[in-house]
Amino acid sequence: QVQLVESGGGLVQPGGSLRLSCAASGTVFSMENMGWYRQAPGNQRERVAIITSVGIIDYEDSVKDRFTISRDNAKNTFYLEMNSLKPEDTAVYYCNAQIKKYSYWPAAPYWGRGTLVTVSS
(Lines give C-alpha, C1' and ligand atoms only; values in the text may rest on other atoms or scores of the structure.)
Protein backbone atom coordinates (compact mmCIF):
# COMPACT_ATOMS: atom_id res chain seq x y z
CA GLN A 1 0.00 0.00 0.00
CA VAL A 2 1.26 3.47 -0.88
CA GLN A 3 0.67 6.45 1.36
CA LEU A 4 1.52 10.13 1.06
CA VAL A 5 1.95 11.96 4.34
CA GLU A 6 2.19 15.74 4.57
CA SER A 7 3.89 17.57 7.41
CA GLY A 8 5.00 21.08 8.24
CA GLY A 9 1.72 22.95 8.45
CA GLY A 10 0.82 25.25 11.29
CA LEU A 11 0.10 28.79 12.38
CA VAL A 12 2.36 31.54 11.07
CA GLN A 13 2.19 35.33 11.08
CA PRO A 14 1.83 37.27 7.83
CA GLY A 15 5.21 37.59 6.16
CA GLY A 16 6.44 34.37 7.74
CA SER A 17 7.60 31.12 6.21
CA LEU A 18 6.73 27.45 6.36
CA ARG A 19 8.11 24.37 4.67
CA LEU A 20 5.73 21.55 3.81
CA SER A 21 6.95 18.04 3.17
CA CYS A 22 5.21 15.14 1.45
CA ALA A 23 6.73 11.72 1.95
CA ALA A 24 5.71 8.53 0.19
CA SER A 25 5.79 5.24 2.04
CA GLY A 26 5.08 1.68 1.05
CA THR A 27 5.95 0.09 -2.26
CA VAL A 28 7.37 2.89 -4.39
CA PHE A 29 9.42 2.30 -7.51
CA SER A 30 9.33 5.90 -8.70
CA MET A 31 7.43 9.14 -8.27
CA GLU A 32 6.50 10.86 -11.48
CA ASN A 33 4.68 14.19 -11.52
CA MET A 34 4.14 15.74 -8.10
CA GLY A 35 2.08 18.66 -6.96
CA TRP A 36 0.73 20.72 -4.12
CA TYR A 37 -2.90 21.80 -3.96
CA ARG A 38 -4.87 23.80 -1.43
CA GLN A 39 -8.45 24.27 -0.42
CA ALA A 40 -9.67 27.20 1.62
CA PRO A 41 -13.07 27.10 3.39
CA GLY A 42 -15.85 27.58 0.88
CA ASN A 43 -13.50 27.33 -2.08
CA GLN A 44 -12.66 24.64 -4.57
CA ARG A 45 -9.34 22.85 -4.40
CA GLU A 46 -6.77 24.65 -6.52
CA ARG A 47 -3.38 23.70 -7.82
CA VAL A 48 -0.53 25.61 -6.20
CA ALA A 49 2.59 24.14 -7.75
CA ILE A 50 3.68 21.14 -9.76
CA ILE A 51 7.00 19.54 -10.65
CA THR A 52 7.19 16.94 -13.37
CA SER A 53 9.38 13.87 -13.58
CA VAL A 54 11.76 15.80 -15.82
CA GLY A 55 11.88 18.84 -13.56
CA ILE A 56 9.44 21.17 -15.27
CA ILE A 57 7.90 23.44 -12.65
CA ASP A 58 4.79 25.59 -12.72
CA TYR A 59 3.14 27.79 -10.10
CA GLU A 60 -0.25 29.33 -9.60
CA ASP A 61 0.08 33.04 -10.30
CA SER A 62 -0.59 34.23 -6.75
CA VAL A 63 2.31 32.22 -5.30
CA LYS A 64 4.95 32.87 -7.94
CA ASP A 65 8.14 34.35 -6.46
CA ARG A 66 6.99 33.34 -2.96
CA PHE A 67 6.68 29.53 -3.08
CA THR A 68 9.23 26.98 -4.25
CA ILE A 69 8.53 23.33 -5.03
CA SER A 70 11.34 20.81 -4.96
CA ARG A 71 11.85 17.07 -4.83
CA ASP A 72 14.28 14.54 -3.37
CA ASN A 73 13.91 11.36 -5.39
CA ALA A 74 16.23 9.40 -3.12
CA LYS A 75 13.91 10.05 -0.17
CA ASN A 76 10.63 9.75 -2.13
CA THR A 77 9.80 13.16 -0.74
CA PHE A 78 8.91 16.53 -2.15
CA TYR A 79 8.57 19.93 -0.57
CA LEU A 80 6.86 23.30 -0.75
CA GLU A 81 8.84 26.19 0.64
CA MET A 82 6.44 29.04 1.37
CA ASN A 83 7.75 32.54 2.05
CA SER A 84 6.10 35.93 2.50
CA LEU A 85 2.92 34.20 3.55
CA LYS A 86 -0.35 36.11 3.37
CA PRO A 87 -3.66 35.55 5.14
CA GLU A 88 -5.15 34.49 1.81
CA ASP A 89 -2.72 31.56 1.75
CA THR A 90 -4.67 30.04 4.63
CA ALA A 91 -5.95 26.65 3.53
CA VAL A 92 -5.56 22.92 3.87
CA TYR A 93 -2.64 21.92 1.68
CA TYR A 94 -2.68 18.56 -0.04
CA CYS A 95 0.09 16.77 -1.86
CA ASN A 96 -0.48 14.65 -4.92
CA ALA A 97 1.89 12.39 -6.78
CA GLN A 98 1.78 9.91 -9.60
CA ILE A 99 3.54 6.83 -8.29
CA LYS A 100 4.73 3.66 -9.92
CA LYS A 101 4.78 0.76 -7.47
CA TYR A 102 6.78 -1.40 -9.82
CA SER A 103 8.74 -0.65 -12.98
CA TYR A 104 6.25 -2.53 -15.10
CA TRP A 105 3.14 -0.89 -13.59
CA PRO A 106 1.65 2.35 -14.84
CA ALA A 107 1.78 5.32 -12.52
CA ALA A 108 -1.33 5.95 -10.41
CA PRO A 109 -2.35 9.13 -8.55
CA TYR A 110 -2.20 9.32 -4.77
CA TRP A 111 -3.27 12.06 -2.39
CA GLY A 112 -2.17 12.96 1.09
CA ARG A 113 -4.72 13.75 3.80
CA GLY A 114 -3.78 17.39 4.00
CA THR A 115 -2.06 19.73 6.41
CA LEU A 116 -3.55 22.98 7.65
CA VAL A 117 -1.71 26.23 7.06
CA THR A 118 -3.07 29.25 8.91
CA VAL A 119 -1.62 32.70 8.28
CA SER A 120 -2.82 35.11 10.91
CA SER A 121 -1.55 37.70 13.34
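Look up: the structure comes first, before these words.
Residues numbered from 1 in each chain as written. Predicted model: local features only at pLDDT ≥ 70, side-chain atom pairs only at ≥ 80, totals over all residues. Heavy atoms only, no water.

Enquirer: Looking at this model, I keep getting lost on the sheet that holds strand 1 (residues 3-7). Mind explaining?
Expert: Strand pairing in a sheet relies on backbone hydrogen bonds, with the paired strands running either antiparallel or parallel. Reading across the sheet, the four strands line up as 1-3-8-7 and stay open at both edges, with antiparallel pairing between neighbours. Two strands in the sheet have a free side with no partner beyond their single neighbour: strand 1 and strand 7 (67-72). Going from strand to strand, the sheet's axes swing by 15 degrees on average, the running direction of each strand aside. Note that strand 1 and strand 3 (residues 18-25) share five bridges and pair antiparallel. Among the inter-strand pairings, S7 is bridged to a residue of strand 3, identified as S21. (Pairing = 2+ DSSP bridges. Helix = DSSP H or I, 4+ residues; strand = E, 2+ residues; numbered from the N terminus. Axes fitted to C-alpha atoms, helices over the stretch in contact; angles between N-to-C directions.)

Enquirer: Would you take a moment to explain the pattern of salt bridges for this structure?
Expert: Pairing between side chains becomes possible if they bear opposite charge and their charged atoms approach one another. Under the counting rule described, the total for this entry stands at seven salt bridges. D61 is the partner of K64 in a salt bridge, and the nearest nitrogen-oxygen pair spans 3.1 Å. For D61, a relative accessible area of 60% translates into the label exposed. Members of the salt-bridge network, linked through shared partners, are R38, E46, E60, R66 and D89. (Salt bridge = Lys/Arg side-chain N within 4 Å of Asp/Glu carboxyl O. Buried < 20%, exposed > 50% of the residue type's maximum accessible area, 1.4 Å probe, protein only.)

Limitation: the analysis is restricted to geometry and does not speak to function.
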